[in-house]
Amino acid sequence: MRGVNRVMLIGNLGKDPDVQVLEGNIAVAKFPLATTETFKDRSGKLISQTEWHTVVLWRGLAELAQKYLHKSSLVYIEGRLRTRSWEDKEGNRKFATEVVGDNLIMLDKRVDSGSSSTSGEGGTEGTGGADMQMGDASEGLPF
């Protein structure tokens, strides 16, 4: 039986992307992403729960993240979960689960200098003027 490892997140960056260039000129970006769910409890009180995810982007997506994303940017990330393990200096085994992004769509409204319009050269409102995803650029959000 085959499995499915797919993650779709909409959230805000917790800090600016940390971009490193590895051997072979391969860029990798890493940043925390906050997703918040809000619901009412039994008494009707509004409750918010925030989850933090570590997002990793490679190559072209990493370069786009470095150029366009910053702390608090609203983004749609689609990818897969990956769990890494290593030993620390004391010999303890450590684990980290990360979202390796395949698709990135900027959801902040585009701000044009000298204009309050959110639509620009081929951009659409809510996408920051550019689809930052690999694949067919005409695809929107899956819902």
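Residues numbered from 1 in each chain as written. Predicted model: local features only at pLDDT ≥ 70, side-chain atom pairs only at ≥ 80, totals over all residues. Heavy atoms only, no water.

S.K.: For this particular structure, what's the right way to read helix 1 (residues 59-68)?
M.R.: Regarding helix 1, the residues found buried are Leu61, Ala62 and Ala65. Looking straight down helix 1, one finds its buried side chains confined to an arc of 105 degrees; they lie on one side. Among the exposed residues of helix 1, those pointing more than 90 degrees away from its buried face are Gln66 and Lys67. (Buried < 20%, exposed > 50% of the residue type's maximum accessible area, 1.4 Å probe, protein only. Helix = DSSP H or I, 4+ residues; strand = E, 2+ residues; numbered from the N terminus. Arc of directions from axis to C-beta.)

S.K.: Please clarify how the pattern of salt bridges should be interpreted in this entry.
M.R.: Any two side chains of opposite charge can pair, on the condition that their charged atoms come close. Applying the stated criterion across every chain, the model contains six salt bridges. Of the charged contacts in the structure, one is a salt bridge between aspartate 102 and arginine 6, with a shortest N-O distance of 2.9 Å. In this pair, aspartate 102 sits in strand 6 (residues 93-106) while arginine 6 sits in the segment before strand 1 (7-13), placing the two residues 96 residues apart along the sequence. In this structure, the salt-bridge partner of aspartate 88 is lysine 94, at a minimum N-O distance of 4.0 Å. One network of salt bridges, with partners in common, ties together Lys30, Arg82, Arg84 and Glu98. (Salt bridge = Lys/Arg side-chain N within 4 Å of Asp/Glu carboxyl O.)

S.K.: Mind showing me how you'd approach the nonpolar core here?
M.R.: Note that soluble globular proteins tend to have their nonpolar side chains buried in a common cluster. Within the largest apolar cluster, 18 residues are counted, with the highest numbers of intra-cluster contacts made by Phe31, Leu33, Leu57, Leu69 and Ile77. Elements supplying a minimum of two residues to this core: strand 1, strand 3 (26-40), strand 4 (46-58), helix 1, strand 5 (74-87) and strand 6. Looking at this core element by element, the count peaks at four residues for strand 3. Beyond its immediate chain neighbours, meaning those up to four positions away, leucine 57 contacts Ala27, Val28, Ala29, Phe31, Ala62, Ala65, Gly101 and Leu104. (Core = buried A, V, L, I, M, F, W, Y, C linked by side-chain atoms within 4.5 Å. Contact = heavy atoms within 4.5 Å.)

S.K.: Is there a simple way to think about unusual backbone geometry in this case?
M.R.: For residues that are not glycine, phi is negative in most cases, and the peptide bond is trans in most cases. Phi angles above zero are rare outside glycine, and arginine 59 is one such case at about 50 degrees. Locating arginine 59 in the fold gives a position in helix 1. Here serine 72, not a glycine, exhibits a phi torsion of approximately 80 degrees, which is positive. Along the chain, the position of serine 72 falls in the loop between helix 1 and strand 5. Classification of serine 72 by relative accessible area gives partly exposed; the value is 43%.

S.K.: What is the right way to read the pairing of strand 3 from this model?
M.R.: The two faces of the sheet receive side chains in turn, since in a regular strand these alternate between them. Bridge count between strand 1 and strand 3: two bridges; the pairing is antiparallel. Paired with leucine 13 across the two strands is leucine 33, which belongs to strand 3. Note: strand 3 against strand 4, 13 bridges, orientation antiparallel. Looking across to strand 4, one finds that valine 28 is bridged to tryptophan 58. (Pairing = 2+ DSSP bridges.)

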